[in-house]
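What the coordinates show
For reference, the chains in residue letters:
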Amino acid sequence: MKDIAKEFGVSVATVSRALKDSPRISLERRQAIQKFAREHNFAPNMIAESLRNTRVKPQKLIGVIIPEFVHYYFASILTGIEEEATAQGYRLLVATSHESYEREVRICQAFFENKVCGVIVSQAKDTLRYDHFQRLIDASIPLVFYDRICTGVNASRVVVDDYMGAYNATTHLIETGCKRIAFYGSSMTLEISKNRYNGYRDALLKHGMQPDDELMRFCDNRADAEEITPELLQMENRPDGFFAINDDTAIGILYTAKHMGLKVPDDVSVCGFTNGFRAIACDPMLTTIEQRGKRVGEEAANILIGHVEGRIPLNKMERRIVRTRLVIRGTTR
């Protein structure tokens, strides 16, 4: 803008007004400056403009942290956040923690330095300290957790009904004839893992079956599932059903069972949790719990924008639950 001002012998303020088509500048001067700017590929710096305006009002920039981009569920949540935020005039600054606490801390600091108006986050698996989240709250930056919530920080949150999803999945396995049902879950430091395990356990107890530690594994990805499942399937009293914490893990179980010569679902039933594209790309197609990630993202964006715009007070913590549903396909009887 200084170069344009020098070219026309005017102030930078005059250039700024001309580029914004202000009637305070003559039509001839406006058109000349705008033509020169186009010919020299000039575009206003929107970040600088938003930073300048933060003294008057917060810029409409939301920071979003997702654990990993490759996971269908997180991608669908991001879609929901983006669509809702865009509809309300907000932009996103998106980063991935790669399941790393240290990286998550750096991202929060970068969001603070970039003056985001709020942050939407699903914490990394190894996050056990929450000072970086509390610093944002202490700076009056609204925070909304989704999926993996942080119980150590008093902030708004959006989750799916993990308990009922797991309860319904396990009940379906039992009602279709399974007598020994294995559970593959994540670390119990995560609330979603606790809730899904509790749903699994309570469904067993409800039907007169006792949880068996021998049938429980910490496993939340396909590679690990393919590595540890042969041990269970070679047991003398092997499981005849598996409930997995996500679809990738369930597909690892499915692949291993078929590779070992077992028929799915005649010999072994498998149920996952996500209902992503991979659930219908395997053979047989996967029975699973649908999480409705897009809806989770929409709810999270709505809550955050409500905090930013004052419709929801910063000291009022919103807690919303998105319902799940069982999708029955070919991996269960």
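Before reading further, recall that the structure is shown in the block above.
This one's a predicted model, so the numbers in the text were calculated from it and none came from an experiment.

**With respect to the environment of Gln34**
Looking at the element boundaries, Gln34 is found in helix 3 (residues 27–39). Residues Gln34 and Glu226 lie 192 residues apart in sequence; the distance between their C-alpha atoms is 62 Å. Filtering out sequence-adjacent residues up to four positions away, Gln34 remains in contact with Ala18, Leu19 and Asp21. In terms of polar contacts, Gln34 uses its side chain to reach the side chain of Asp21, at 3.2 Å.

**Description of the sheet that holds strand 12 (residues 325–327)**
In space, the 6 strands of this open sheet follow the order 7-6-8-9-10-12, with mixed pairing throughout. Pairing within the sheet leaves two strands with one partner each, and these edge strands are strand 7 (216–218) and strand 12. Averaged over all adjacent pairs, the angle separating strand axes in this sheet is 20 degrees, with direction ignored. Relative to the sheet, helix 9 (residues 191–206) contacts strand 6 (181–185), strand 7, strand 8 (241–244) and strand 9 (269–274), its axis offset from that of strand 6 by approximately 170 degrees. On the sheet, helix 10 (residues 222–233) packs against strand 6, strand 7 and strand 8 and is oriented at approximately 160 degrees with respect to strand 6.

**Concerning the sheet that holds strand 2 (residues 91–96)**
With parallel pairing, 6 strands are arranged side by side in an open sheet as 2-1-3-4-5-11. The open sheet has two edge strands with one neighbour each: strand 2 and strand 11 (319–322). Each adjacent strand pair in this sheet contributes to an overall mean axis angle of 15 degrees, direction not counted. Direction of pairing for strand 1 (residues 61–66) relative to strand 3 (residues 118–121): parallel, over a ladder of 4 bridges. Note that in strand 3 the partner of Ile62 across the bridge is Gly118.

**Considerations on the packing of helix 8 (residues 162–175) against helix 9**
Working note: a packed helix pair is described by the angle between its axes plus the distance between those axes. Closest axis-to-axis distance for the helix 8/helix 9 pair is 7 Å, and the angle between their directions is 35 degrees. Crossing hand, helix 8 versus helix 9: right-handed. Contacts between helix 8 and helix 9 involve Asp162, Tyr163, Ala166, Tyr167, Thr170, Thr171 and Ile174 on the former and, on the latter, Ile192, Asn195, Arg196, Asn198, Gly199, Tyr200, Asp202, Ala203, Leu204 and Lys206. For the contact of helix 8 with helix 9, the class distribution of residues is 8 nonpolar, 5 polar and 4 charged.

**Side note on the pairing of strand 3**
Burial along strand 3 is two-sided: the face carrying Gly118 and Ile120 and the face carrying Val119 and Val121 are both buried. Across 3 bridges, strand 3 lies against strand 4 (residues 143–146) in parallel orientation. When the sheet's bridge partners are listed, Val119 is paired in strand 4 with Leu143. For the handedness criterion, the β-α-β arrangement of strand 3, helix 7 (residues 131–138) and strand 4 is classed as right-handed.

Cut-offs used in this document
Residues numbered from 1 in each chain as written. Predicted model: local features only at pLDDT ≥ 70, side-chain atom pairs only at ≥ 80, totals over all residues. Heavy atoms only, no water. Helix = DSSP H or I, 4+ residues; strand = E, 2+ residues; numbered from the N terminus. Contact = heavy atoms within 4.5 Å. Polar contact = N/O pair within 3.5 Å; in protein donor to acceptor, adjacent residues only side chain to side chain. Pairing = 2+ DSSP bridges. Axes fitted to C-alpha atoms, helices over the stretch in contact; angles between N-to-C directions. Left-handed = near helix turned anticlockwise from the far one by under 90°. Nonpolar A, V, L, I, M, F, W, Y, C, P; charged D, E, K, R; others polar. Buried < 20%, exposed > 50% of the residue type's maximum accessible area, 1.4 Å probe, protein only. Right-handed = clockwise from strand over helix to strand, strands pointing away.

Everything listed is a geometric property; what it means functionally is a separate question.
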